[in-house]
Amino acid sequence: MQPAHELKAEELYQSCDPAGLSFHTTADLEDPRSTFGQTRALDALEFGVGISHEGYNLYVMGTSGLGKHTTVRKVLEGLAARMPRPSDWCYVNNFRDPHKPRALRLAGGGGIRLQRDMQSLVRDLQASLPAAFEGDEYRTHVQELNDEFKAREEKAFTEVADEAREKHIMLLRTPGGYTLAPIRNDNVLDPKEFSKLSDEEKKEIEQKTEEVRQTLRRTIHQIATWQQEHGRRLEQLNKETAGAVVAHRMADLESRYHDLADVLAYLAEVKADLIDNVDEFRQDQEDTKPSPFEFTQKFTPFNRYYVNVMVDHSADRGTPVVYEDNPTYLNLIGRIEHLAQFGTLLTDFTLIKGGALHRANGGYLILDVDKILVAPFAWDALKRVLRAREVRIQSLEQMLSLVSTISLEPEPIPLDVKVVLIGERLLYYLLNRFDPEFGLLFKVEADFAEDIDRTVDNSLLYARLIASLQRREKLQPMDRGAVARVIEYAARL
């Protein structure tokens, strides 16, 4: 241990000689090419983002005022600009199990195109399908089926009537159906005349009436079978008519997505559902007029053919860099919204909203560690997502069993994201000590230094930093004497 000694006055203050600064004003200086004095932190950042293995997320630590956010954003945006644009993600209806919407993956910008294509398809079919069922060809086929059924029905009843007449029984049509009455000399016997007949004649008439009644029952049963067959043939005609229109309208759509197997499978399900539910397009146009209650129009029979674009990268260049200032559970994971309609909560897949993890998928997500730790359930949700490497949207109410409302279970979306936490050193050491999962998920730390050596080269670099701040804040240029004073003041701080 060196002995203590008295400091002289000139040793208490290290001045900066303006003569050692090789410029006249800060206007002569360029901005520093990299973050000043943070070489180790930058190396750690580049190391962390360059490893794609699981668990190599980053924790950037240091006290406030060191420019951590600015540096991290600058580094990540520089890397992201050179990387390919990530995929879009959409939710579409699951026609087999509607409460479990399916996730579709498309190339960047493909989600919006598919959404617009499906909206255009529905609008087109709303006009073309009713027109097809009002055309002469369809009406002619329907009339032929109706005439055929009517002819078979009339022939059957004629045969029954003929058989009845041979047995002196008349088949009468009444508003309630058919009835049988005995006749004599082509006139129906009234009750008084029937009562005057002998018992043998009454018994014979009753026997013949029962025989005709049995024939009539068999005929009515046969006609019911024919009616079912007629309904099936009419339904088949409707499907063939709708199928021709739908196939024609969707041919271009299918060719446009011929190289995407998942989209083609979805379009095949759409086509089958359109044909099975063609009557919804044939309803009177009065039923489709705007409702005086705007929210009631949110749920229509055509919603199931729409596409909910969760993540749209059509305007992006490179991978996303997302900073979430308010990292709550819902803002990170996403939510399933509901609409109250006449006292009932309703929802469908079009009301699924994505979170920051969806927007950052394929890129980088920046979070303040102190904010996510105080948001209820957010920290555990982030760790669960990083472990599973997929985002599963589940409402807090459902997860905590606070409500019994039937909700959706969207298909989870695979996750490929690099999370960068920014916070104080104390929080890093506390998490590392008390959270066993933290070290497994955040294996890279970047520590921002708070001081640098006072050398001539570093003084020149600091002068360039001052120049960049002066230009950014639109201040007047400073001469080298002023810069020297700022360097002295910063060193003293």
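Keep in mind the model is a prediction, meaning the values are calculated, not measured.

This part covers the overall build of the chain. From N to C terminus, the chain includes 17 helices and 17 strands. Per-residue burial for the chain yields a buried fraction of 39% across its 493 residues. In the chain, the share of contacts with a sequence separation of at least 24, taken over all contacts with a separation of at least 6, comes to 77%. Total accessible area computed for the chain in this model is approximately 29,200 Å², and 50% of it derives from carbon and sulfur atoms.

What follows concerns the packing of aromatic side chains. Within the structure shown, the criterion is met by twelve aromatic pairs. Ring centres of W379 and F438 lie 6.4 Å apart, and the angle between their planes is 40°; on these two criteria the pair is classed as tilted. Of this pair, W379 sits in helix α12 (residues 378-388) while F438 sits in helix α15 (residues 438-441), and the two are 59 residues apart along the sequence. You'll find W379 and F438 in the same group, each marked buried.

Moving on: the sheet that holds strand β3 (residues 102-106). The three strands are arranged β3-β2-β7 in an open sheet whose pairing can be described as antiparallel. Only two strands of the sheet have a single partner each, and these edge strands are β3 and β7 (307-311). The mean angle between the axes of side-by-side strands here comes to 30°, regardless of whether they run parallel or antiparallel. Examined bridge by bridge, strand β2 (residues 88-92) and β7 share four bridges and lie antiparallel to one another. Across the sheet, residue C90 finds its bridge partner in β7, namely V309. The sheet contacts of helix α3 (residues 110-133) involve β2, β3 and β7, and relative to β7 the element is tilted by about 165°. Across the sheet, helix α7 (residues 261-276) is in contact with β2, β3 and β7; its angle to β3 comes to roughly 135°.

About the criteria used
Residues numbered from 1 in each chain as written. Predicted model: local features only at pLDDT ≥ 70, side-chain atom pairs only at ≥ 80, totals over all residues. Heavy atoms only, no water. Helix = DSSP H or I, 4+ residues; strand = E, 2+ residues; numbered from the N terminus. Buried < 20%, exposed > 50% of the residue type's maximum accessible area, 1.4 Å probe, protein only. Contact = heavy atoms within 4.5 Å. Areas by Shrake-Rupley, 256 points an atom, 1.4 Å probe, with all protein chains shown as cover. Phe/Tyr/Trp six-rings, centres within 6.5 Å; stacked < 30°, edge-to-face > 60°. Pairing = 2+ DSSP bridges. Axes fitted to C-alpha atoms, helices over the stretch in contact; angles between N-to-C directions.

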